[in-house]
Structures are given as C-alpha cells and as structure tokens.
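Each chain, letter by letter, is given below.
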Amino acid sequence: MKTTGQITGITANLVTVKANGPVGQNEICHVLLGDLRVMAEVIKVIGEKVYIQVFDSTRGMKVGDNVEFEGHLLEVTLGPGILSRNYDGMQNDLAEMDDLFITRGSATAPLDFESKWDFFPLAQIGDKVGAGDWLGEVTEKWIRHKIMVPFAMKGAYTVKSVVKEGNYKITDTVAVLADVQGKEHNVTMVQKWPAKLAIGAYKEKPRPYRIMETGVRAIDTFNPIADGGTGFIPGPFGAGKTVLQHAISKQADADVIIMIACGERANEVVEIFAEFPHLDDPRTGYKLMERTTIICNTSNMPVAAREASVYTGMTLGEYYRAMGLKVLILADSTSRWAQALREMSNRLEELPGQDAFPMDLPAIISNFYARAGHVHLNNGATGSVTFIGTVSPAGGNLKEPVTESTKKAARCFYALSQQRADSKRYPAIDPLDSYSKYLEYPEIRNFLDETVEPDWVDTVLRGKTLVLRGKEAYEQINILGDDGVPIDYHDRYWKSELIDFVFLQQDAFDAIDANTSIERQRFMFKMILAICDRRFAYAGFEDCSVFFKGLINLFKQMNYSAFESEKYYDYKRQIDEMVAAQEAK
Amino acid sequence: MGTKAFQKIYTKIENITKATVTLRATGVTNDELATVGGKLAQVVKLNGDQVTLQVFAGTENIATNSEVVFRGEPPTLRVSDELAGRFFNAYGDPIYGGPSVEGEVREIGGPTVNPYKRIQPSELIATGIAGIDLNNTIVTGQKIPFFADPDQPYNQVMAMVALRAKADKIILGGMGLTNDDFLFFKNIFENAGALDRIVSFVNTTENPPVERLLVPDMALTAAEYFAVDKGEKVLVLLTDMTLYSDALAIVSNRMDQIPSKDSMPGSLYSDLAKIYEKAVQLPNGGSITIIAVTTLSGGDITHAVPDNTGYITEGQLFLRTDSDTGKVIVDPFRSLSRLKQLVIGKKTREDHPQVMNAAVRLYADAANAKTKLENGFDLTDYDERALAFAKDYSEKLLAIDVNIDIEEMLNEAWYLFGKYFTPAEVAIKDEFVQRYGRFRA
C-alpha cells in the first residue's frame with residue numbers, strides 16, 4: 001500500500017508533509033489538488049516531517065491537502081521513439097500538449113505506446129546475457145535502436161525465447177529471460193531507469209582516444225574535444241555561448257544529439273524547433289531533428305524541474321551510448337541548474353557556502369560530468385557520451401563557484417571573452433585562456449598524427465605561441481607607440497592578427513564558413529603558418545599593416561568559398577602572389 | 001473589495017514586521033489574497049495553522065487586533081477591451097476615476113506558454129533609430145531592456161520607440177516612477193493621439209514600494225488578453241526593473257531569507273525570468289514585446305540586477321553621449337539584440353549583416369586611434385580616416401534624433417565606407433561591394 005500524508009506547511013515550492021508510513025529520500029510523490037496531481041520529490045526527512053520540492057506552482061495548496069508517495073525515484077522512460085521529441089524536464093512530450101499554456105499538472109506520455117516497430121532479433125535462445133546486452137533491434141529514424149536487457153536486471157540470465165522478426169508495440173513482450181533460479185522474466189521494448197543514477201551496463205571506460213569534430217576551427221584545431229570527453233563554455237552574457245552551442249549541435253560528428261535547455265530563454269529553443277526540422281545532417285542525409293532530442297525547461301518553467309532536466313538528458317544519452325552510438329549532450333546552462341539547487345538549499349535553511357550556493361555543489365557537478373565517457377560495451381562495441389555544458393558566471397567573473405567547480409570536473413575549457421565579443425571577434429573563444437587537456441593525451445596525439453598529419457599537435461602549439469607573441473607585441477606597441485618599437489613587433493602583431501581573423505574567427509551565419517572540415521582546417525592552418533614563417537621587409541609599420549589587411553581580406557573571401565572550388569584556388573593564387581610580391585620588396 | 005457575509009474575520013495577529021503579519025487561521029491556501037486592517041495582503045508562508053501574509057502597502061498602523069479577511073483567491077485582474085485608454089494602480093483599480101472595468105476575471109502571474117507552441121519571432125519593429133534598426137534590430141516577441149544610468153533619457157527614447165513601433169496596444173508598467181516621469185508618458189501619449197491604445201499600471205514613488213511587485217504581472221495579464229484573445233501586437237514597457245528588484249529584496253529580507261549577491265534574493269533570476277519570458281510571438285499573429293529599463297549605478301553591469309537581466313533578455317541597449325558630436329547615441333559596442341539574426345539580411349537587404357559589422361569594426365578602430373591620440377602618439381593616415389569616419393557615423397547614423405528607414409541607413413553606411421576607406425579596409429564579401437559599394441575607382 002502507498003504511503004500517504006498531509007501538508008503541514010508551504011513556503012514557495014518547498015512543502016512539508018506529515019507521512020503515515022515509510023518514505024525514501026528522493027522518492028517521487030504527488031500533491032492532490034482537486035483533480036490535479038502535482039509532482040514533487042522528497043528532499044529531506046526530519047522525524048515525522050517530510051520536506052518535498054514541488055515541480056510546479058504551489059498556488060492554492062493548503063495545510064491538510066493530501067499527498068501520495070509513489071515508492072520510486074524520478075524515472076526516465078527508455079525505448080524506441082525518443083529521437084526528435086521535445087520533452088520538458090520531467091519527460092512530458094511538449095508537442096503532445098493541447099493548450100497554448102502549460103497548465104499545472106499536465107502530463108503527456110514520453111513514448112508512443114500504440115505504434116508498432118519492426119523488431120529484428122539479435123539474441124538466440126540459450127544465450128547468456130546481462131543488463132544492457134542486446135536482444136534485438138528496431139529502426140528508429142536511421143539508427144539501429146537496440147532492445148536491451150533492462151539495466152535494472154542485475155545478475156546473469158539465459159535467453160529462454162525471443163520473438164521472431166515482426167511488428168510489435170513497445171509494450172509487447174519480445175523476449176523471456178530466466179535467472180539463475182530459473183525464474184522467468186518478460187522483457188519488452190520499454191524500460192525505466194532512475195534519472196539520478198548512472199547507467200553502468202558496460203565493461204570498461206577507457207581514456208578517450210579520438211576527437212569529435214565540431215567544424216569550429218577554434219575548437220577542432222586549437223583545443224579539440226575528445227569523443228567521450230567533457231568540456232564547458234563559460235562566458236558573460238552576449239559573448240555568444242548559445243550561438244556556439246547551436247553551431248556545435250548542428251555540425252558535430254555524433255549519431256545522437258541531446259540538447260538540454262536548462263533555465264534559458266524560450267526563444268532559443270524555438271529557434272531549434274523552427275530550424276532543425278529543415279536542416280540536413282550532411283553525413284546521413286536525414287534532417288538534423290531526426291538525430292536530436294530536446295529537453296526543454298526554460299527559465300519561466302518550474303525551477304525544481306531544472307535540476308531534473310539535466311539528469312533526464314544525461315540518462316537518455318547513456319541509454320543511446322549503450323547501443324554503441326556516439327552521443328553528444330549539450331546543456332545550456334548548468335549555472336541555472338546550480339541556481340535551482342541554491343534556491344532550494346536556501347529554503348531548507350542550510351548553512352550556505354560561497355555566494356549562498358550549497359556546500360556540496362562541487363561534488364554534485366563533478367559527479368554529473370563523470371557520467372560522460374567513451375565505453376567498451378560487454379559485446380565489444382563502443383559508445384560514447386560527450387558532454388559540453390555552458391556556464392553563465394555572475395558578472396562575467398570566472399572566479400565564481402559554478403565556474404570553479406566545473407573547471408575541476410571538465411577537461412576542456414572554452415573561455416568566452418567579453419573583450420573579443422565587444423570587438424565582434426566571434427566565436428569569442430579566448431585562444432590563450434582556453435585549453436584542452438586532451439592535447440596532452442598520448443592517445444589523442446597518436447590519433448591526430450594518423451588522421452590529420454604527423455606531429456599535428458606540435459604544429460598547433462606553434463600556432464598558439466605565435467598568437468601569444470603577437471599579444472605581447474601588441475601590448476608593447478600600445479605602451480611605446482607605433483614608432484617606439486622595432487618594425488619586428490608590428491610583424492609579430494600582424495601575424496597573430498592573421499591567425500585570429502582568418503582562422504579563429506568564423507562566421508556562424510555563413511553557410512560555408514560556419515562549418516570547416518578538419519581537412520580544410522589543416523590546409524588553411526598550414527597555409528597561414530607558412531606565411532608566418534616568412535620574413536618580410538617593410539617600408540614602415542604602415543606598409544606592414546596594409547600588407548596584412550590585404551592578406552586578411554583575401555583569406556576571408558577564401559573562407560567564404562567552397563573548399564577546393566575554382567574560386568577557392570583563385571583566392572589562394574592571389575594570396576601567393578601577394579606574399580611573393582612582398583617578399584621581393 | 002467588499003467583505004462577503006460568510007467570510008470569517010480574524011482579529012488576533014501574533015507577529016507584525018515592517019512588511020508581514022503572522023496569525024493563526026485554517027483553510028487558507030498558498031498565494032491567496034487577504035485584507036489586513038483594510039490593506040491588501042498576500043499569503044506567502046503556511047506552517048501548520050500559522051499564516052504569514054505580506055502586506056503590500058506596509059504594516060504601518062496595523063494593530064494586533066486589526067481585522068484580517070481572507071478572499072480565497074490569488075490576485076486577479078478583470079480583462080476586456082475596456083482596459084484600453086485607462087490608468088490603473090498596482091492593484092488594477094482605476095485612478096483618475098471612471099467606472100471599474102467589466103470583464104472576465106483572470107489570475108495574474110498565470111502559467112507559461114508551451115515553448116513548443118511558440119512561433120519564431122521574425123517581424124522586425126522599425127524605430128527609425130539606426131543604433132537600433134541597423135545595429136540592434138528588434139523583432140516582435142522580443143524582450144530587451146535599456147541599461148542606463150539614472151541621468152540618461154531612457155524614458156524619452158522608450159516613449160519614442162513605443163510610438164513609432166506601430167503596436168496595436170502599448171502597456172505601460174511603471175514601478176517607482178516619479179510623478180513627473182509618469183506625467184511625461186501620459187502627455188506624450190496624449191499628444192500623439194495614442195491614448196486609446198495605451199493601458200497603464202502605475203506605482204509611483206508616492207506609493208509603497210512593495211506594491212510594485214504586482215505591476216509587471218498586472219501589465220502582462222492585460223497584455224496576454226490583447227495578444228492571446230485578440231491576436232494583437234502588444235508592446236509592454238516596464239520601467240524601472242531595478243526598483244522592482246529592490247522591492248523583491250525588501251520582502252526577502254523581511255522574511256529572513258539568506259541574501260545572495262548584492263543583497264538580492266537567491267531567486268532573482270527566476271523572478272525576473274518569469275516576467276520577461278512572457279514576451280512571445282503567438283501562432284495567431286499576436287505578440288508580446290517587452291521593452292524594459294534597468295537603471296545602473298555608475299554603469300556597473302556586474303551588479304546582480306543588470307547581470308541576471310542580461311542572461312534573461314534578448315540583448316540590451318546602452319545609451320551614451322558621444323563626446324565628438326555631443327549627441328545621445330545607442331552605444332554600438334555594448335548594445336546587442338540577439339534576435340536581429342532572425343531578420344537582418346532576410347527581412348532587410350542582404351548586405352545588412354556585413355555592413356553592420358564592418359561599420360562597428362571601423363568605429364572600434366577609431367576608438368583605438370583615439371586612445372593613441374590621448375596617449376600622445378602620432379596617428380597614421382588610416383587612424384585619421386577612421387576618426388573622421390567615426391564622427392560622421394555617429395552624427396548621421398547613431399544619433400537617436402536621426403529618423404530614416406533601414407535601406408537609407410545601409411546606403412549611408414556604404415557612402416561613408418566609400419568616402420573614407422578602400423574595399424580591402426572594409427573587408428566585405430566581394431559580391432556586395434560590387435552590388436552596393438560606392439568606392440572611388
């Protein structure tokens with residue numbers, strides 16, 4: 001029998017309840033308000049007093065209202081049909097809701113329980129299987145969606161029977177498994193898993209050893225992210241976090257994209273709703289939306305559900321990873337999630353940590369990032385979850401607790417700089433403050449040696465040094481004046497500007513420039529470095545700036561031209577001529 | 001606000017603070033309204049039979065035996081076409097007399113529009129101000145504040161934008177507005193013959209500060225009526241959101257909440273987002289656009305109010321006085337409209353994005369040249385040209401008293417590029433240079 005209780009107090013969305021039976025931490029419960037069932041989660045138990053956070057408005061609730069406890073944690077429903085859906089943080093399908101407004105307590109099914117899928121069996125009778133092992137598959141969009149032994153089934157099982165190839169609903173039994181005692185268990189195509197627990201059905205999680213291409217030059221070449229890696233993008237407002245994330249989501253070399261809009265603007269999600277169904281995924285020919293699932297908890301949606309939204313997204317990602325797929329999860333913004341934790345911690349009257357955030361914030365963040373990774377599945381296949389979160393530091397100050405905690409957890413740091421954004425140098429990723437720990441991984445170096453060219457990382461580091469030298473020269477010029485420094489300083493400064501304008505800056509709104517293949521990045525980068533290696537004689541510092549401005553203009557036209565097209569090579573020829581002419585001076 | 005016969009009257013208040021009272025009562029629902037000694041109050045906390053009420057007008061003169069009457073419902077507004085042309089206080093009661101508004105009773109601060117049902121904003125709002133139309137184009141369904149120091153003419157610019165914007169309804173939410181500023185708005189709308197399109201909810205500095213908390217929700221409930229029910233284009237003006245936030249801080253302080261940055265409540269982001277996210281483009285063609293004012297102290301945008309606002313709104317507009325021309329301009333460096341990408345080069349001429357960026361970049365070069373000059377260094381020929389360009393750009397385009405359409409703005413920009421620079425210095429796509437460029441051969 002379910003535990004029930006009555007409300008004894010209400011402060012905003014924190015409600016205290018007197019329960020009549022056992023209650024578990026993080027258990028889900030519902031407040032009964034007339035016909036409405038408003039969802040909540042247990043967050044603290046003190047004696048008879050159960051503290052619950054309500055995932056919706058508490059307007060109109062009163063002392064004495066009934067509460068029903070459900071006996072399970074917040075669960076995500078997993079099965080075919082997740083791709084291209086638009087969920088809220090609690091996995092309600094927003095597209096299935098009828099009203100213009102989201103009314104309180106409105107719930108819709110996360111999956112279609114009626115439609116049928118073409119099931120193809122993969123397991124055979126007598127196979128020994130465990131949690132996460134593949135029993136069969138269905139085709140979801142262009143993905144072979146594996147039907148697995150439910151993650152919650154611990155221990156070893158023997159396949160008793162598998163249905164033959166055919167058309168089934170997700171709730172139909174597709175396999176029967178026997179446990180070691182011989183007890184039989186029916187398996188369907190749908191299973192549930194608690195959002196806050198990591199899905200661990202894999203053999204091992206090795207260090208990442210290959211990179212994930214994003215088409216963004218400042219990332220792929222300068223600070224690449226590993227397939228199965230973690231990264232974060234902190235930046236003040238207006239620095240271009242969202243544009244950058246959208247670019248990555250469109251272009252990344254991943255099978256499945258999960259976008260978590262966590263406490264951000266609704267119009268940004270609308271942009272995805274509007275654009276993705278029409279944009280093609282160049283690698284598969286399908287629409288981008290068909291590889292994308294959106295978890296949408298915008299800033300005006302209930303605060304408590306923000307926390308749930310990031311866990312729901314991560315669980316969906318781990319589910320597809322267990323099918324041997326490359327999953328990219330993007331969360332915008334993890335600061336809003338941290339703020340939701342802060343609001344609740346505040347109402348619980350916990351002693352606050354720095355900036356009133358809860359003391360365990362760093363632990364919560366690092367536990368979450370740790371769920372990403374590249375894994376070897378039990379059957380030898382590999383899958384990955386790559387996670388990139390944005391952080392919105394208060395006042396643009398990177399010393400605040402969320403940025404600091406995330407820095408300890410994530411391996412790539414893409415610092416967006418206000419200064420770059422102000423001078424419209426987009427993407428505003430600071431080339432010197434940002435880093436990718438993966439460049440230090442021998443596995444990644446080997447991978448880049450083989451896939452890009454030998455000693456690629458050294459080439460990249462040489463480029464970084466040129467940018468640094470240019471910045472130092474610029475500071476000297478600013479202090480001493482154009483005339484007060486040797487011409488060499490101008491040369492150094494303009495060489496770094498060449499790298500900045502032509503390579504680091506990228507027009508996210510130009511169809512060609514927005515997405516640069518790694519092959520094209522290599523070609524351009526080598527071409528720029530070759531120019532930087534040359535020594536030119538200048539008539540004066542103005543001659544130097546005129547020369548480089550001319551070069552930058554030609555290179556930009558080249559960036560706007562299709563790779564290896566006639567126009568592309570024509571601009572290259574013009575650049576070569578210009579360089580030769582300057583050299584002859 | 002009459003008392004109904006069957007309602008129970010409580011006359012034993014246990015605690016009184018500056019903004020709240022606590023008493024014992026049963027059957028009270030969260031968020032419901034009550035009157036305490038005749039003043040409007042709202043339930044903010046329930047603990048057993050202890051009920052804490054926030055008294056909007058402050059608790060001066062309330063005694064432990066004052067009458068408390070619960071009204072059984074959260075704050076509401078009566079909505080109908082009769083709202084148009086009227087002025088209301090923070091509670092939605094008419095000021096300047098006149099009959100009460102008849103119409104449907106709606107709870108204020110209602111639910112969220114399902115993001116999936118929203119339409120992507122794509123209709124630009126022309127203001128004639130190049131600092132906005134050219135550099136920071138605004139679209140319907142957008143939310144954007146002016147970040148301004150108290151001495152800047154933000155209310156004037158906002159009124160100008162509102163009148164030029166061709167909105168079906170303009171809803172003014174005034175919070176802590178001085179009476180003078182309120183009368184300014186009233187006069188300018190009256191003189192423009194636009195009063196029948198205006199609805200005002202006003203809390204002036206003469207009213208208690210906590211009352212302000214109701215103003216945005218009142219204004220937006222009215223806006224939703226016209227946009228959702230009538231399919232109209234509604235422009236909501238909220239001034240000043242910093243004073244609104246101050247009222248939030250007062251209440252949270254009285255309720256013993258732990259403050260976060262700058263003494264603001266930890267929930268400031270969510271509180272502000274709830275208001276700004278009411279901006280929406282609806283499938284029926286109706287829309288709510290919010291233009292707000294966030295006053296800064298000494299231009300500091302890292303303060304919690306502008307900082308959180310910046311993360312919520314779709315850009316921000318900065319005003320400043322240009323020292324070269326002495327005119328008020330919309331600052332091209334710090335201002336940003338996030339939604340401009342949806343219309344520029346699509347609803348406007350194709351060269352718009354590149355022209356806009358090039359002009360701002362060249363203006364930045366002029367700023368650098370100016371720094372050089374101030375530091376006593378010699379200027380190059382390019383520096384001189386950039387400075388001359390900046391002066392023209394500021395006077396002919398950025399100044400807020402310029403009123404031209406976007407096509408003229410683009411032509412003017414090309415004219416200035418041609419006057420001062422070579423195509424390589426401007427660095428715009430060749431095809432645009434050929435089509436629109438006005439460079440000397």
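Here is what the cut-offs are and how they apply
- Residues numbered from 1 in each chain as written.
- Chains lettered and ligands numbered in written order.
- Predicted model: local features only at pLDDT ≥ 70, side-chain atom pairs only at ≥ 80, totals over all residues.
- Helix = DSSP H or I, 4+ residues; strand = E, 2+ residues; numbered from the N terminus.
- Rg over C-alpha atoms; globule rule 2.2 N^0.38 Å.
- Buried ≥ 20, exposed ≤ 12 C-beta atoms within 10 Å, placed from the backbone.
- Contact = placed C-beta atoms within 7 Å.
- Nonpolar A, V, L, I, M, F, W, Y, C, P; charged D, E, K, R; others polar.
- Pairing = 2+ DSSP bridges.
- Domains from an automatic or database assignment.
- Core = buried A, V, L, I, M, F, W, Y, C linked by C-beta atoms within 7 Å.
- Axes fitted to C-alpha atoms, helices over the stretch in contact; angles between N-to-C directions.
- Parallel < 35°, antiparallel > 145°, perpendicular 65-115°, else oblique.
- Left-handed = near helix turned anticlockwise from the far one by under 90°.
- pLDDT = per-residue confidence, 0-100.
- Expected span 1.5 Å × (residues − 1).

A few words now on the overall build of chain A. Scanning chain A for helices and strands turns up 14 helices and 28 strands. The globule rule puts the C-alpha radius of gyration for 585 residues at 25 Å, and the 27 Å found for chain A is close to it. Every one of the 585 residues in chain A was classed for burial, and the buried ones make up 53%. Taking contacts inside chain A between residues at least 6 apart in sequence as the whole, the part at least 24 apart equals 68%.

Within chain B, the regular secondary structure consists of 12 helices and 22 strands. The dimensions of chain B, computed from C-alpha atoms along their principal axes, are 90 × 50 × 40 Å. In chain B, buried positions account for 52% of the 441 residues. In chain B, once contacts between residues fewer than 6 apart in sequence are set aside, the share between residues at least 24 apart is 70%.

This part takes up the environment of A:Ala266. Among the structural elements, A:Ala266 can be located in helix 3 (residues 266-275). Note: C-alpha distance between A:Ala266 and A:Arg462 (196 residues apart in sequence) is 42 Å. Residue contacts for A:Ala266: discarding those within four places in its chain leaves A:Thr298, B:Pro115, B:Arg118 and B:Glu277.

Further remarks concern the interface of chain A and chain B. Tallying the contact residues gives 61 residues for chain A and 57 residues for chain B. Broken down by secondary-structure element, the contributors of at least two residues to the side of chain A that touches chain B are strand 1 (4-11), strand 9 (101-102), helix 3, helix 5 (334-347) and helix 13 (541-559) of chain A. Considering only residue class, the side of chain A that touches chain B consists of 24 nonpolar, 22 polar and 15 charged. Here strand 9 of chain A runs beside strand 11 (residues 112-113) of chain B; their pairing, made up of 2 bridges, is antiparallel. Along strand 11 of chain B, the bridge assignment pairs A:Phe101 with B:Val113.

On to the domain arrangement of chain A, then. Interface size is commonly expressed as the accessible area that is lost once the parts come together. Residues and elements named next belong to chain A. As far as domains go, chain A holds domain 1 (4-74), domain 2 (114-189), domain 3 (211-436) and domain 4 (456-584). Domain 3 and domain 4 are separated by 31 Å when their C-alpha centres are compared. Facing the 16 residues of domain 3 at the interface are 17 residues of domain 4. Contributing elements (two or more residues each) for the side of domain 3 that touches domain 4: helix 1 (217-222) and helix 2 (241-251). No other element matches helix 1, which puts 5 residues into the side of domain 3 that touches domain 4. Grouping the constituent residues of the side of domain 3 that touches domain 4 by class yields 9 nonpolar, 3 polar and 4 charged.

All names here are of chain A. Along strand 26 (residues 382-391), 9 of the 10 residues are buried, which leaves the element largely enclosed by surrounding structure. Relative to strand 26, strand 21 (residues 230-234) is paired through 5 bridges, and the arrangement is parallel. Each residue of the ladder has a partner; that of Pro-234, found in strand 26, is Val-391. Counting the residues between successive antiparallel strands, the hairpin from strand 25 (residues 373-376) to strand 26 contains 5 residues, one of them, Gly-380, with a positive phi of roughly 95°.

The amide bond that connects A:Tyr426 to the next residue, A:Pro427, takes the cis arrangement and shows omega of -10°. Looking along the chain, the bond that leaves B:Thr239 and enters B:Asp240 is cis, with omega of 15°. Assignment of secondary structure puts B:Asp240 in the loop between strand 17 (233-239) and helix 5 (241-254). You will see that A:Ala356, though not glycine, has its phi angle at about 70°, which is positive. With respect to the element layout, A:Ala356 can be found in the loop between helix 5 and helix 6 (361-369).

Ranked by size, the top nonpolar core spans 312 residues in total, and within it B:Ala222 and B:Val236 carry the most contacts. Among residues more than four places away in sequence, those in contact with B:Ala222 are B:Leu77, B:Val79, B:Leu83, B:Ile171 and B:Val199.

With that settled, the discussion passes to the sheet that holds strand 11 (residues 128-129) of chain A. Residues and elements named next belong to chain A. Taking strand neighbours across the sheet as the criterion, the 4 strands line up as 11-14-16-17 in an open arrangement whose pairing is antiparallel. Two strands close off the open sheet at either side, each with one partner strand: strand 11 and strand 17 (184-187). Across 2 bridges, the pairing between strand 11 and strand 14 (residues 157-162) is antiparallel. Of the residues in strand 14, the one forming a bridge with Lys-128 is Thr-158.

On to the environment of A:Pro110, then. Residue and element names in this part refer to chain A. Along the chain, the position of Pro-110 falls in the loop between strand 9 and strand 10 (116-121). Remark: the alpha-carbon pair of Pro-110 and Leu-94, spanning 16 residues in sequence, is separated by 9.4 Å. If sequence neighbours within four positions are ignored, Pro-110 has contacts with Thr-77, Tyr-87, Gln-91 and Asp-93.

All names here are of chain A. Read across the sheet, 4 strands follow the order 13-12-10-15 without closing on themselves; strand pairing throughout is antiparallel. In this open sheet, the two edge strands, each paired with only one partner strand, are strand 13 (143-148) and strand 15 (166-169). Each adjacent strand pair in this sheet contributes to an overall mean axis angle of 45°, direction not counted. The pairing of strand 10 with strand 12 (residues 134-140) spans 2 bridges and is antiparallel. Bridging from a neighbouring strand, Pro-121 pairs with Gly-136 of strand 12.

What follows deals with the packing of helix 9 (residues 381-398) of chain B against helix 10 (residues 406-420) of chain B. Residues and elements named next belong to chain B. In contact at an axis separation of 10 Å, helix 9 and helix 10 are set at 160° when each is read in the N-to-C sense. What the angle tells us is that helix 9 and helix 10 run roughly antiparallel. As for how helix 9 packs across helix 10, the hand of that crossing is right-handed. Seen from helix 9, the contacting residues are Arg-385, Ala-388, Phe-389, Asp-392, Tyr-393, Lys-396 and Leu-397; seen from helix 10, they are Met-409, Glu-412, Ala-413, Leu-416 and Tyr-420.

Detailed reading of predicted coordinates is not advised where the pLDDT is low. Averaged over all residues, the pLDDT of chain B is 92; the fraction at 70 or higher stands at 98%. Across the interfaces of the predicted complex, the ipTM metric reaches 0.86, alongside a pTM of 0.91.

Time to look at the packing of helix 6 (residues 268-276) of chain B against helix 7 (residues 304-312) of chain B. All names here are of chain B. At a closest axis distance of 9 Å, the pairing of helix 6 and helix 7 adopts a crossing angle of 50°. It follows from the interaxial angle that helix 6 and helix 7 lie oblique. As for the relative orientation of helix 6 and helix 7, their crossing is right-handed in sense. Facing helix 6, whose interface residues are Leu-268, Tyr-269, Leu-272, Ala-273 and Tyr-276, helix 7 presents Ala-304, Asn-308, Thr-309, Tyr-311 and Ile-312. Its residues assigned to classes, the contact of helix 6 with helix 7 shows 8 nonpolar, 2 polar and no charged.

This part takes up helix 4 (residues 215-229) of chain B. Over its 15 residues, helix 4 of chain B extends 21 Å from the first C-alpha to the last, a length consistent with the 21 Å expected when each residue adds 1.5 Å. In terms of burial, helix 4 of chain B is largely enclosed, as 13 of its 15 residues are buried.

Another aspect to go through is the environment of B:Glu73. Residues and elements named next belong to chain B. Inspection of the secondary structure puts Glu-73 in the loop between strand 7 (68-70) and strand 8 (76-79). The class for Glu-73 is partly exposed, based on 14 C-beta atoms found within 10 Å. Sequence separation of Glu-73 and Val-28 is 45 residues, and the distance between their C-alpha atoms is 9.8 Å. Once you skip the residues sitting within four places of it in the chain, Glu-73 turns out to touch Glu-32 and Leu-33.

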